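What follows is the residue order along each chain.
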Amino acid sequence: MELWFTEYQTSSLGITCKTKKTYHTEKTEYQNLAVIDTEQFGRMLLLDGIIQTTIEDEFVYHEMISHIPLFTHKNPKKALVIGGGDGGSIREIIKHPSIEKAVLCEIDGRVIEVSKQYLPEISCALENEKVEVVVGDGIKYVKEHKNEFDVIMIDSTDPIGPAEGLFAIDFYKSVYEALKEDGIFVAQTESPFFNKDLISRVFKDVKSLFPIARLYTCAIPTYPTGYWCFTMGSKKYDPLETDIDSIPDIDTKYYCPKIHKAAFMLPKFVKNLL
Ligand code: AG3
């Protein structure tokens, strides 16, 4: 029997994948959690029916949320990921030799456990000795840590339900305070085609707090429109001024020194949102 899974990306558009197997379904304290296997993208992590990450295209998101801020910073030692319970961002962070500690703060411990079980390629670094895993509320965690991190990444779900507070200016203020004096933060900020108001508002908020605010984009086939953006707030370093010739060659599939700057070159309709 053929079984197909659909994520309803809007009320009138969906992405539909032929499935091979359902590995796991569960209702956690926070959300519906599932891991399915698909013909096109391999194993997929779903939260409330929304595609979070897939074996085939996860590298784009995880490399771009991590290496852009980490190589913009001159010497990142301590990084924090809010959300990101699958561990993909942590896996990329620990590729940086300067990193001494990477903290993952994920509200739903079941996402971590299920990712460890069914997505080992993505979650593999969670057991690394430099990694500390905190199961808890990211908003509370950043409030309790001041002047501590070089880089903070907001690896959240869409801005509805549990993640709504992670797109609010009050949260960005706490993030600013949790960063050291030359710290950088990056948040995943959805599709420039579908989330125009959100992108404009978040950029304005970040600009009001940080001396440097930047937006960059990449291609992620399983996310709505396949075109995705990240918003960066930086206290000191400008990614457009990174000396890309000094970026060492690390093991990546999407990120490279030229993309470090090219990702910030925006189509007119995106630039006009800022
Ligand atoms: N965070 C999910 C990004 C949102 C995807 N949205 C969607 N499919 N409608 C990524 C988690 C990966 N660590």
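A quick note: this is a predicted structure, and the numbers were derived from the prediction, not measured. (Residues numbered from 1 in each chain as written. Predicted model: local features only at pLDDT ≥ 70, side-chain atom pairs only at ≥ 80, totals over all residues. Heavy atoms only, no water.)

## Examining the pattern of salt bridges
Part 1 of the reasoning: Applying the stated criterion across every chain, the model contains 15 salt bridges.
Part 2 of the reasoning: Where Glu-92 meets Arg-91, a salt bridge forms, and the shortest distance between an N and an O atom there is 3.0 Å. Across this residue pair, the class does not change: Glu-92 and Arg-91 are buried.
Part 3 of the reasoning: Note that Asp-170 is salt-bridged to Lys-173, the shortest N-O span being 3.9 Å. Here Lys-173 and Asp-170 lie together in helix H6 (residues 169–178), a separation of three residues that amounts to about one turn.
Part 4 of the reasoning: A network of salt bridges, in which partner residues are shared, links Glu-58, Arg-91, Glu-92 and Lys-95. (Salt bridge = Lys/Arg side-chain N within 4 Å of Asp/Glu carboxyl O. Buried < 20%, exposed > 50% of the residue type's maximum accessible area, 1.4 Å probe, protein only. Helix = DSSP H or I, 4+ residues; strand = E, 2+ residues; numbered from the N terminus.)

## Brief notes about the site of the ligand
Part 1 of the reasoning: Near the ligand lie 14 residues; those nearest to it are Glu-7, Ile-51, His-62, Asp-86 and Asp-158.
Part 2 of the reasoning: In this structure, a nitrogen atom belonging to the ligand sits 3.0 Å away from a side-chain N or O atom of Asp-155.
Part 3 of the reasoning: Against a free-state accessible area of 400 Å², the protein chains account for coverage of 98% of the ligand.
Part 4 of the reasoning: Elements that contribute at least two residues to the shell around the ligand include exactly strand S5 (50–54) and helix H1 (58–72).
Part 5 of the reasoning: It is S5 that provides the largest number of residues to the shell around the ligand, a total of three residues.
Part 6 of the reasoning: Among the residues forming the shell around the ligand, the class breakdown is six nonpolar, four polar and four charged.
Part 7 of the reasoning: Counting contributing residues, the shell around the ligand receives three or more from each of domain 1 (3–54) and domain 2 (58–271). (Near = heavy atom within 4 Å. Polar contact = N/O pair within 3.5 Å; in protein donor to acceptor, adjacent residues only side chain to side chain. Areas by Shrake-Rupley, 256 points an atom, 1.4 Å probe, with all protein chains shown as cover. Nonpolar A, V, L, I, M, F, W, Y, C, P; charged D, E, K, R; others polar. Domains from an automatic or database assignment.)

## A few points about the sheet that holds strand S3 (residues 32–38)
The strands that make up a sheet pair up through hydrogen bonds in the backbone, lying either parallel or antiparallel.
Part 1 of the reasoning: Across the sheet, five strands lie side by side as S1-S2-S3-S4-S5; this open sheet has antiparallel pairing. Sheet topology places strand S1 (3–10) and S5 at the edges, where each strand pairs with a single neighbour. Each neighbouring strand pair of the sheet contributes to a mean axis angle of 45°, computed without reference to strand direction.
Part 2 of the reasoning: In terms of strand pairing, strand S2 (residues 13–27) meets S3 through seven bridges, oriented antiparallel. For Thr-19, the partnering residue across the bridge sits in S3 and is Thr-38. (Pairing = 2+ DSSP bridges. Axes fitted to C-alpha atoms, helices over the stretch in contact; angles between N-to-C directions.)

## Notes on the pairing of S5
Part 1 of the reasoning: Buried residues dominate S5, accounting for five of its five residues.
Part 2 of the reasoning: Here strand S4 (residues 42–47) pairs with S5 via four bridges, running antiparallel. Bridge pairing links Leu-47 to Ile-50 in S5.
Part 3 of the reasoning: The turn joining S4 and S5, which pair antiparallel and follow one another in sequence, is formed by two residues; a positive phi near 50° is taken by Asp-48.

## Quick look at helix H3 (residues 109–118)
Part 1 of the reasoning: Here H3 has its buried residues at Gly-109, Val-111, Ile-112, Val-114, Ser-115 and Tyr-118.
Part 2 of the reasoning: Considering only its buried residues, H3 is in contact with S2, S3, S4, strand S7 (101–106), helix H4 (120–123) and strand S8 (131–135). (Contact = heavy atoms within 4.5 Å.)

## Observations concerning the domain arrangement of the protein chain
Part 1 of the reasoning: If you check the domain split of the protein chain, you get domain 1 (3–54) and domain 2 (58–271).
Part 2 of the reasoning: Taking only C-alpha atoms, the centre of domain 1 and the centre of domain 2 are 23 Å apart.
Part 3 of the reasoning: Roughly 2,000 Å² of surface becomes buried between domain 1 and domain 2 when both sides are summed, with 63% attributable to carbon and sulfur atoms.
Part 4 of the reasoning: Here domain 1 is connected to domain 2 by two salt bridges.
Part 5 of the reasoning: A salt bridge links Arg-43 to Glu-121, with the shortest nitrogen-to-oxygen separation between them at 2.6 Å.
Part 6 of the reasoning: On the surface where domain 1 and domain 2 come into contact, there are eight residue pairs in polar contact (both at pLDDT 80 or more).
Part 7 of the reasoning: For the side of domain 1 that touches domain 2, the elements supplying multiple residues, two or more each, are S1, S2, S3, S4 and S5.
Part 8 of the reasoning: Per-class residue counts for the side of domain 1 that touches domain 2 are eleven nonpolar, eight polar and three charged. (Buried area = accessible area lost by both parts, 1.4 Å probe.)

## Concerning the packing of aromatic side chains
Part 1 of the reasoning: Per the stated rule, a full pass over the model turns up 14 aromatic pairs.
Part 2 of the reasoning: In textbook terms, an aromatic cluster arises when at least three aromatic residues are bridged by ring pairs, as seen for Tyr-61, Tyr-216, Tyr-223, Trp-228, Phe-230 and Phe-264.
Part 3 of the reasoning: Seen from the ring of Phe-149, Lys-78 lies directly overhead, with NZ or CZ sitting 5.1 Å from the centre.
Part 4 of the reasoning: Just above the ring of Tyr-176 sits the side chain of Lys-235; from NZ or CZ to the centre is 3.9 Å. (Phe/Tyr/Trp six-rings, centres within 6.5 Å; stacked < 30°, edge-to-face > 60°. Lys NZ or Arg CZ within 6 Å of the ring centre and 35° of its normal.)

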